[in-house]
Number of protein chains: 2
Amino acid sequence: MPTPTGVGSDELRRVNLRAILQTVHTHGPTTRAVLTKQLGLNRSTIGGLTGELQSLGLVTEQTAVVGGRGRPSHLVVPCEDNVVVAVDVGVDRIAVALVGLGGQVLAGRNRGHQRGEHDVDHVVESVAQMVEETLAASSHSRCLGIGCAVPGAVRASDGLVRFAPNLGWYDEPFTELLAERLQRPVSTGNDANLGVLAEHVRGAAVGFSEAVYLSASVGIGGGFLVGGRPLTGVSGYAGEVGHMQVDSLGPTCRCGAVGCWETKVGENVLLRHAGRLPGGGPPAVAEVIEAARASDSRARTAVEEVAEWTGIGIRAIVNLFNPEVVVLGGCLAQVWRAAEPAVLDSFERSSLLSPRADTLIRPAGLGDDSPLLGAAELAFAPVLDRPQAVSRAG
Amino acid sequence: MPTPTGVGSDELRRVNLRAILQTVHTHGPTTRAVLTKQLGLNRSTIGGLTGELQSLGLVTEQTAVVGGRGRPSHLVVPCEDNVVVAVDVGVDRIAVALVGLGGQVLAGRNRGHQRGEHDVDHVVESVAQMVEETLAASSHSRCLGIGCAVPGAVRASDGLVRFAPNLGWYDEPFTELLAERLQRPVSTGNDANLGVLAEHVRGAAVGFSEAVYLSASVGIGGGFLVGGRPLTGVSGYAGEVGHMQVDSLGPTCRCGAVGCWETKVGENVLLRHAGRLPGGGPPAVAEVIEAARASDSRARTAVEEVAEWTGIGIRAIVNLFNPEVVVLGGCLAQVWRAAEPAVLDSFERSSLLSPRADTLIRPAGLGDDSPLLGAAELAFAPVLDRPQAVSRAG
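Residues numbered from 1 in each chain as written. Chains lettered and ligands numbered in written order. Predicted model: local features only at pLDDT ≥ 70, side-chain atom pairs only at ≥ 80, totals over all residues. Heavy atoms only, no water.

The name recorded for chain A in an unreviewed UniProt entry is Putative NBD/HSP70 family sugar kinase, from Nocardioides soli. In its Sequence similarities (unreviewed entry) section, UniProt records this for chain A: "Belongs to the ROK (NagC/XylR) family." (UniProt positions renumbered as here; feature names shortened; annotations may be inferred.)

As structure tokens, then:
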């Protein structure tokens, strides 16, 4: 018999270090006893591995008495001195967060774009300043990288933003520019793709391997997990849900086509239906929803209208993907909370009952921070994958 | 260091037998020399494995001189005495084929449904008789199973047809009924899911791991490969492309909703637009296309109209999946061949250029037989996966 390609001891060590680091990063402080059981390794092996992670500065060990009796077990704690800076470039604002290994948000700041500031050089400079301020204000010793979420299609190979119509970006080398400006590693992903990742790790999609995250602000983003893996498509552009034509008589979309889903659903659509000025973002949407509750009939009609189109789009996606869970973010979560029956009514306006019976619909577990926290996960990914390669510097 | 979970020698043998059998099934007769190279095993190991497959009756070995010089190499040939019966239950007709290991179609028959014969007991009886006739007329010694394609959502766990609106089936235990009637193993899948599988193995999607198969007859079916694996969703119902709402003012669909894609695209839609009676199937569609070529302006408008809606649906799907290839079957292939520019015109009516640039659109490589040949692959799958478990009987 031939020998199959072997797993060498170096590779095995990497895989085991990774398993431990991912466990404590995802689930928080974990006893060696639990790690031993979970990983199916023996106690002394676990001790050797956690010792190595400790010497790499990635975890600390504390002595803890667990369960009140029995001998104390070492508690393996992710070391928050290792941080990443997560960035969410929205249409209205830039959000930045300092996130420690283990997923804790340690600090954050938001800044609105000025009018016309979507110019990529402006955005790169704003982001760079916010990242620098965030790191300067922090006492954490090692920055592992910068992760960015953008509302557009990002080329997987190099982080080029291929198109982000709501920022007016086409083929912008945002990632490269920011990495040069900061002299730090930068990774960029589509906001909704990062949203589904974060919701899967820490939010409303934990435990589901067939999951959809849909989030609307000005446009609509979609992120998908298929068999537990992110749906990327061949170049990383998959998940563009906003440009399904749903209404042949609908308005012309920024993309040039007519009646796209995102011309029927989103913050500004809702605001316009309610007779208000567009551009107010989530607070303005919340005001309309409050007015609808307080019997403002125009506001109520606007909410119901957007809820109906929300359900129509979700129906298409559920029929295509047969997911376990659809997680709603941004304006879709606001509309869902305000008008769940209206969303369900149009969602269920079809006799294709089966995928629907399988599917939970729920608002994001991480509020509006799913893309931001997904960007943090993107920045942590290289170290989580290869703990030994962590740089000693910061 | 701990020992990782080992691959035992039995399992290793199964994996290697599988690799050889799948290679010859997919690529046809293959020399031991090529197998040796491709599988990275040594010559004597390959000899032992092909010997075992021979004793299982799954391959034969022939002596061949390859390339004109050098010593002769044994040619490993899939043994066509092993057959499956593939069944495609369409809305208009039932197609049955006898397919040998290696993928050769050895015999086939078609039968139209009588009006009202969509009743599941009728269909089971028709299929059973066609299968029995096919096997009775064949001299092949071992039937490995029956694979069926149906135009509906099939529950992965037991082959229950959860809904097939164009047959009027809801929760029909078609698979169980047919297996009981024939006293043979029966597997059933969605026709388009099987279509993409067949196109991936032997058709227009060979070599593409991000692939879409879209086929229209009365309804539209969609089958998807994501990362080389079939998109199933949590229960096997994924890929229902026909019920995306594309036209808010469109006609009411069989599913109960309004303006679904399949109310705008399909055989009967085209026939009605052209002023003809629905129900004539592909030959009637071919007549309309021929009339359009011969300057029948009503026919031409009908073809252009369906071509436009075809492009609108493909655009949504390409934006969602960012595939390498979209393979068109049935009426969509006919329309594509007749009016490719009109399809592309509406497909490209949007500035989301990137996924499009990645995507080939082409007609099915297997004509209208993709679902039928995919059903054959479904029936071969258990033996291809576990050659040693092949039953000695037939």
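Right, picking up where we left off after that structure.
What follows is about the packing of helix α2 (residues 32-39) of chain A against helix α3 (residues 43-55) of chain A. Residue and element names in this part refer to chain A. Here α2 crosses α3 at 115°, and the two axes come no closer than 9 Å. If you check the angle between α2 and α3, you find them roughly perpendicular. Note on packing geometry: the crossing formed by α2 with α3 is right-handed. Within the contact between the two elements, α2 uses Arg32, Ala33, Leu35, Thr36 and Leu39 and α3 uses Arg43, Ile46, Gly47 and Thr50. Looking at side-chain class alone, the contact of α2 with α3 contains four nonpolar, three polar and two charged residues. (Axes fitted to C-alpha atoms, helices over the stretch in contact; angles between N-to-C directions. Helix = DSSP H or I, 4+ residues; strand = E, 2+ residues; numbered from the N terminus. Parallel < 35°, antiparallel > 145°, perpendicular 65-115°, else oblique. Left-handed = near helix turned anticlockwise from the far one by under 90°. Contact = heavy atoms within 4.5 Å. Nonpolar A, V, L, I, M, F, W, Y, C, P; charged D, E, K, R; others polar.)

All right, on to the domain arrangement of chain A then. Taken domain by domain, chain A comprises domain 1 (9-78), domain 2 (82-194 + 371-389) and domain 3 (204-365). The centre of domain 1 of chain A, based on its C-alpha atoms, is set 41 Å off from the matching centre of domain 3 of chain A. (Domains from an automatic or database assignment.)

What follows is about the packing of helix α4 (residues 120-136) of chain B against helix α5 (residues 174-182) of chain B. Residue and element names in this part refer to chain B. Direction vectors running N to C along α4 and α5 enclose 45°, while the axes themselves pass 10 Å from each other. If you check the angle between α4 and α5, you find them oblique. Handedness of the α4/α5 crossing: right-handed. For the pair formed by α4 and α5, the contact residues are Val120, Asp121, Val123, Val124, Glu125, Val127, Ala128, Gln129, Val131 and Glu132 on the first element and Phe174, Leu177, Leu178, Arg181 and Leu182 on the second.

What follows concerns the relation of the copies chain A and chain B. The operation relating chain A to chain B is a screw motion whose rotation component is 180°, with 0.0 Å of axial translation and a residual RMSD of 0.0 Å. What the superposition gives is, in effect, a two-fold axis relating one chain to the other. (Least-squares fit on C-alpha atoms with pLDDT ≥ 70 in both.)

Residues and elements named next belong to chain B. Read across the open sheet, the three strands follow the order β8-β9-β10; overall the sheet is antiparallel. The strands lining the two open edges of the sheet, one partner per strand, are β8 (153-154) and β10 (169-172). Summarising the sheet, β8 and strand β9 (residues 161-164) pair through two bridges and their orientation is antiparallel. Looking across to β9, one finds that Val154 is bridged to Val161. (Pairing = 2+ DSSP bridges.)

Turning our attention to the interface of chain A and chain B. Between chain A and chain B, the contact holds 57 residues from the first and 56 residues from the second. With both chains or domains summed, chain A and chain B bury close to 4,700 Å², and 63% of this area falls on carbon and sulfur atoms. One can count zero salt bridges joining chain A with chain B. If you look at where chain A meets chain B, you find 20 residue pairs in polar contact (both at pLDDT 80 or more). Residue assignment for the side of chain A that touches chain B shows that the elements contributing at least two residues are α1 (9-27), β9 (161-164), β13 (220-226), α9 (297-321) and α11 (353-358) of chain A. Top contributing element to the side of chain A that touches chain B by residue count: α9(A), with seven residues. A per-class count over the side of chain A that touches chain B returns 29 nonpolar, 17 polar and 11 charged. (Buried area = accessible area lost by both parts, 1.4 Å probe. Salt bridge = Lys/Arg side-chain N within 4 Å of Asp/Glu carboxyl O. Polar contact = N/O pair within 3.5 Å; in protein donor to acceptor, adjacent residues only side chain to side chain.)

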